[in-house]
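Fold and contact review
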Amino acid sequence: MAVELCLLLLLLCGNTVSEVQPLHKPPPGTLDFGFVPAKTYDTNAYHEPGPIGILFRLVHSFLYLVQPNSFPQDLIQKLTQQKFGNVQGDYQKAIYYEIGFIVPAALGLLFVLLLPLVGLCFCMCRCCDNCGGEMHQRQKKNADCRRGCFATFLFVASLIISIGVLCAYAANQHLTSQVRGAKNLVHSNFKDLRIFLNNTPGQIDYLVSQYNTTKNKALSDLDNVGPLLGSRVQERFAKEVRPALDAALTMAGAIRETKEALENVSVSVEVLQEGTERLHSNLTDVKIHLSNTLSDSACSAAQAASTCNIIRNSLNQLNINANFSGLPGVSTQVAKVNDVLKIDLSSLVQKGYAAFNNTPDLVLNQTRNILSDIKNLLDFIGSNITSFTKMLPVQKVLADLTIYLTQSEAYVQDYFPVVEQYDFYRWLGCLILCCMVILILVFYYLGLLCGTCGYDKHASPTTRGCISNTGGNFLMAGVGFSFLFSWVLMIVVVITFVTGGNIEKLVCEPFEDRTLFKVLDTPYLLNRHWRNYLSAIVLKNPEINLTFEKVYSDCKENKGIYTTLHLENLFNINEFLNISMYTEDVSLKIEHINVNLSNIVLLDEIGKRNLLDFSSSGIDGINFAAYLTEINKSVTKVDLLSFANDLEARADQLPKGALENALKGHANSIRMIHNQQVVPLEQAMSTLNQSIRLLQRTSSEFMVKVRNVISAVDAAQFLISNDASLVIIQETKKYMDMIIGYFEQYVEWVKESITMEVAACKPIANVIDTAVDIFLCSYVIDSVNTFWFGLGGCSIFLIPAIICAVKLSKYYRRMDTEDVYDDSVEQW
């Protein structure tokens, strides 16, 4: 039934996913399927005995001394298979292994046989007034020493017997308490098994439901086919397209800069021509006025003549230096560039950008019908999964197993009181055995107490007191009960010793180190026709290597039952996890995606013609040398400010008067001309210099740049027009790999979950541990072994106790006769 459940659950999982060979690249994104729901089991398959564990370990050490041989695996295998070929040799091995139990058991049986016989003979001997039966005590000089020694030995023996009976009593009580507490442990195991059955369908449903995670992710990527597939296609072309469009846009900016530079040249030349004419006129007037001033009679004076001559000789410097009137105009180039700018090249380039950036939307619009078919296919797969899960009779199988489990639990609950009743009889029997020993101890302790307290060393053997005599009688009563009970105790000890010791050595210890499983895994052991018994039962194939040890180990690690029972040999998940037909349909649908990018125009013919017109605008024909020649000249032959300062300084050398003042007035006029006319002309010359140099620097490159831009745009357009189909096929393949990759992830996750998490069989290992390790070994065998260990010690030490009690009673009991000595002899 359990195997049927496992196969059914795996079949359910198997029809929800597919086996996809790893032909695709791993998907870029990882799906999060969460965690398979798992319950916490209540059973803790571990037992800590508490303080009595010290006794258990002591008994284990004793058993190791008695039986130090290793587990006879080969011998057990032969015995189980009944293949004692060399009968004598095999039995010698068995006897050799059991010699540690045989010798003590033989001694115990000898004890059982001889002690009652010795007691009978001892009793008959005493009845004949022999063996200490005669009520006469001979006087001895060391009587006090002997009495003390016998009393001490008896007391020590009684203490050891007391410890032994306490150990036996503790083991008896421990076994009873553990048996009564086992009900909760059994209930916990049944609860875990019920959780195991109830939780497994939920785990299966969770695996099935996570198909929606895969489907939703696939649908999300299909809805975003534009950003995903379109962007990938766009990025493939972007390496060629974007630089070409950027260059075209840069060229549009260069045209505007060229226009501005030409206009600056035209305006600057006009300003310079007008300014230089006006400056020339004003400088001429200044020279005339200075000449008139220097013609004054004051300059004829000896003190001023030389200064006036110097000033008169410098008047020729007051003249313009640069002549802009002869520079060629740029009106023709300005007109051509303005004609070029009538067409907005930047707008045309931006249209190319927009068309290229619209690739994702173009892909989305052209794949709507195909994507709709793929979505319908995914919904169809999901509906098939749901329909199939409803067809499987999982609930019926679970219901049958639950009923079986409930009946088993009810059976255990019904018979557990019977177990407790029989355990009570066992407890009562063991208690009676302990009471037997305690009765003997009571007589010994009372005999020692009364004998010691009532003994009077001055009294003669015939005049001893009543208390001392009673102590001697108690000792003999203890001896009598020792002979009556000791053989019964030894019978129980021998039986429990042989049984409990062998179970400990042949079951518990091999179970702990898992050697017992190796025996069970021996080929043809449990069935002479089956190589592997467990695989024959579970998988119907005895040749599959399914071992008890591996199953137990995997369940201890809480692995899934699929891995534990090697159900891949019965139900190959790689064959049943197969919906490749669906993934093939999805692949075919995706492969039919055909995106047409022929409508993308990066730069039309008007834009290209515009670039060519600009390159032939004649800018390279400007006489840049003529411009640079005049620009490099100064506006005037002399710096007017320096001339004015020098004029004013020479005026200061003249005598005070009208001539000095007139010359200083002319200096101020020259400064005013510099500030009002020369400075603006210098600024206009700077503007002209920048513009003309810009035109000179760029004019030689315009033709080459325009050709390069047009070539780059044509190359990018050719790539889009001719290679688009190949790029789209490649990127569509990657897109398909990504979608199929989600199914691959789902498949791998389901495989891992089925093998490791679904139907984790920890409760099965707990049941085995509870039955063998805890109940049989820890509860029963450890307690039984401790019981016989304590009771056996009591039985053995009864022998020296009997001897000491018989000897000691002679010193406590009142004698009928005594030895008589002369007065010279020391009296009692």
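Structural notes, computed from the coordinates.

Analysis parameters
- Residues numbered from 1 in each chain as written.
- Predicted model: local features only at pLDDT ≥ 70, side-chain atom pairs only at ≥ 80, totals over all residues.
- Heavy atoms only, no water.
- Disulfide = S-S within 2.5 Å.
- Helix = DSSP H or I, 4+ residues; strand = E, 2+ residues; numbered from the N terminus.
- Buried < 20%, exposed > 50% of the residue type's maximum accessible area, 1.4 Å probe, protein only.
- Axes fitted to C-alpha atoms, helices over the stretch in contact; angles between N-to-C directions.
- Parallel < 35°, antiparallel > 145°, perpendicular 65-115°, else oblique.
- Left-handed = near helix turned anticlockwise from the far one by under 90°.
- Nonpolar A, V, L, I, M, F, W, Y, C, P; charged D, E, K, R; others polar.
- Contact = heavy atoms within 4.5 Å.
- Phe/Tyr/Trp six-rings, centres within 6.5 Å; stacked < 30°, edge-to-face > 60°.
- Polar contact = N/O pair within 3.5 Å; in protein donor to acceptor, adjacent residues only side chain to side chain.
- Expected span 1.5 Å × (residues − 1).
- Arc of directions from axis to C-beta.

1. Description of the state of the cysteines
Counted according to the given criterion, the structure contains 2 disulfides. Put simply, Cys555 and Cys761 are joined by a disulfide, and their sulfur atoms are 2.3 Å apart. Because the torsion about its S-S bond is -110°, the bridge between Cys555 and Cys761 counts as left-handed. With Cys555 in helix H17 (residues 548–556) and Cys761 in the loop between helix H24 (658–756) and helix H25 (762–812), the pair connects residues that are 206 residues apart, well separated along the chain. Judged on exposure class, the residue Cys555 and its partner Cys761 are both buried. Here Cys430 is not disulfide-linked; the sulfur of Cys434 is the nearest cysteine sulfur, at 6.9 Å.

2. A closer look at the packing of helix H5 (residues 143–209) against H25
The axes of two packed helices give the description: the angle between them and the distance between them. The N-to-C vectors of H5 and H25 enclose an angle of 165°; their axes lie 7 Å apart at closest approach. The angle between the axes of H5 and H25 places the two elements in the roughly antiparallel class. Judged by the twist between their axes, the crossing of H5 over H25 is left-handed. Partitioning the contact of H5 with H25 into residue classes produces 35 nonpolar, 11 polar and 4 charged.

3. Quick word on the environment of Arg531
Assignment of secondary structure puts Arg531 in the loop between helix H15 (515–520) and helix H16 (533–538). When the C-alpha positions of Arg531 and Asn545 are compared, they lie 8.8 Å apart, and in sequence the two are 14 residues distant. Residues contacting Arg531, with those up to four places away along its chain left out, are Thr522, Pro523, Tyr524, Pro542 and Glu543.

4. Section: the packing of aromatic side chains
Per the stated rule, a full pass over the model turns up 18 aromatic pairs. Aromatic side chains Phe62 and Trp788 sit 6.0 Å apart centroid to centroid with 55° between the ring planes, which places their arrangement in the tilted category. On the criterion of sequence distance, the pair formed by Phe62 in helix H2 (residues 53–66) and Trp788 in helix H25 is long-range, its members being 726 residues apart. The partly exposed category is assigned to Phe62, whose relative accessible area is 31%.

5. Comments concerning the side chain of Thr770
For Thr770, the position within the fold is in helix H25. A polar contact is formed between the side chain of Thr770 and the backbone oxygen of Asn766, at a distance of 2.6 Å. Filtering out sequence-adjacent residues up to four positions away, Thr770 remains in contact with Thr43, Leu185, Asn189 and Phe775.

6. Topic: helix H6 (residues 211–223)
Relative to the 18 Å expected for 13 residues at 1.5 Å per residue, H6 spans 18 Å between its end C-alpha atoms, a close match to the ideal helical length. Regarding H6, the residues found buried are Tyr211, Thr214, Lys215, Ala218, Leu219, Asp221 and Leu222. In a view along the axis of H6, the buried residues occupy a sector of 160°, so they form one face of it.

7. A short note on the packing of H2 against H25
At a minimum axis distance of 9 Å, the contact between H2 and H25 shows a crossing angle of 75°. Relative to H25, the element H2 lies roughly perpendicular. Taken together, the residues of H25 that come into contact with H2 (itself represented by Leu55, Phe56, Leu58, Val59, His60, Phe62 and Leu63) are Ser778, Asp782, Ser783, Asn785, Thr786, Trp788 and Phe789.

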